[in-house]
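Structure assessment
Here's the letter readout for the chains.
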Amino acid sequence: MKRLIQYSALMALLASCSTTVDFKTPGNRFHGPEVTGDTLNRRVQLGYGKAHKYETASLYGDTIFGSGATKNTDGKIQASEGFTLDAQLGVIEKLDAYYRATHDSAAVFGLKYQPLGTHDQEGHKIAIMAGLGQGSEDKDAHKVKSDSTERLYKARLDIDAWEVELIYGYRYNKNVLVYGNLNYANYDTDTELKSDSFDDENINVTAKTQGFLLGVDLINDKRKAGVILEAGVVKAEWNGAYDDTNIPLGVNFYYLWE
């Protein structure tokens, strides 16, 4: 066992070093048709669900015995998952400000307006959401040598995002609400690769997602807390060259202060 551990450590030392420049777009959104209902009411929720992961570039450094570097800017989309953190703050009775942070993606600020239905009352509901967001990330790739560590590339990813959602729902009683969420999002990204040894390169990617989600909100009205179960279908596109469709399944927990 001791020799196996030593061998594994040696292989890790000799292995190549790589960096992937990527970002995610959420599949599950966990946005129902109700606002918080009054000025300064607050709602916080944490969810886990499906996402799409976009790889804009990968940087690969050779092994300890090599002297070169490889970069791949073809890009790809693949299924992924991650956590989302949402917060809503009541502005007036029918209007909320919202914030959403998704793992490895742009943070989004926006407004949620409920033109139909009353907060926490039975009946039909409609809500409209729109938001803008930004995100950035810096990454370094290194090449390992026997006497020093040399940086091959410095990579930076910048994201500008906007999104809209149309949500219809029906609350059966104090404890059960069902909804459908039609959503669209656009992510304009710029990946910058810089190096002292190689030519700089910029990669511009526009990612678009469109989806339809069905959710069930199970509410504990006494504690003002609940859980959302959500599923649907989401299609992701990248510059018209790549696309992928998946079925997001997710769960979300929330708490409301009134």
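Residues numbered from 1 in each chain as written. Predicted model: local features only at pLDDT ≥ 70, side-chain atom pairs only at ≥ 80, totals over all residues. Heavy atoms only, no water.

Along the protein, the regular secondary structure elements total one helix and 13 strands. Along the protein, helices and strands appear, N-terminal first, in the series α-β-β-β-β-β-β-β-β-β-β-β-β-β. Burial status across the protein gives 42% buried among its 258 residues. Counting contacts in the protein only where the partners sit at least 6 residues apart, residues at least 24 apart contribute 66% of the total. Carbon and sulfur atoms make up 56% of the accessible area of the protein, which amounts to about 13,300 Å² in all. (Helix = DSSP H or I, 4+ residues; strand = E, 2+ residues; numbered from the N terminus. Buried < 20%, exposed > 50% of the residue type's maximum accessible area, 1.4 Å probe, protein only. Contact = heavy atoms within 4.5 Å. Areas by Shrake-Rupley, 256 points an atom, 1.4 Å probe, with all protein chains shown as cover.)

Right, let's talk about the pairing of strand S12 (residues 242-246) for a bit. Sheet topology places strand S11 (residues 225-238) next to S12; five bridges connect them, and they run antiparallel. If you follow lysine 235 over to S12, its bridge partner there is threonine 245. Counted along the chain from S11 to the antiparallel partner S12, the turn is three residues long, and its residue asparagine 239 has a positive phi close to 50°. (Pairing = 2+ DSSP bridges.)

On to the side chain of threonine 84. Within the secondary structure layout, threonine 84 lies in strand S4 (residues 76-92). When its relative accessible area of 5% is taken as the criterion, threonine 84 is described as buried. In contact with threonine 84, other than residues within four places in its own chain, are Phe30, Gln45, Leu46, Gly47, Ala101 and Thr102.

Right, let's get into the pattern of salt bridges. Charged atoms that come close allow side chains of opposite charge to pair. For the structure on display, the rule yields nine salt bridges. Across the pair arginine 156 and aspartate 158 runs a salt bridge whose closest N-O atoms are separated by 3.2 Å. Arginine 156 sits in the partly exposed class, given a relative accessible area of 29%. Since its relative accessible area comes to 27%, aspartate 158 is described here as partly exposed. (Salt bridge = Lys/Arg side-chain N within 4 Å of Asp/Glu carboxyl O.)

All told, the structure shown has eight aromatic pairs when counted by the stated rule. Ring plane angle 75° and centroid distance 4.9 Å describe the contact between tyrosine 170 and tyrosine 172, whose orientation is recorded as edge-to-face. Classification of tyrosine 170 by relative accessible area gives partly exposed; the value is 30%. A connected cluster of aromatic rings, assembled from ring pairs, spans Phe23, Tyr54, Tyr187 and Trp238. (Phe/Tyr/Trp six-rings, centres within 6.5 Å; stacked < 30°, edge-to-face > 60°.)

Before going further, it helps to examine the pairing of S11. Pairing geometry for strand S10 (residues 201-220) and S11, over 14 bridges, is antiparallel. By the bridge assignment for S11, leucine 213 is matched with glycine 232. With seven bridges connecting them, S11 and strand S13 (residues 249-257) associate as antiparallel partners. If you follow alanine 225 over to S13, its bridge partner there is tyrosine 255.

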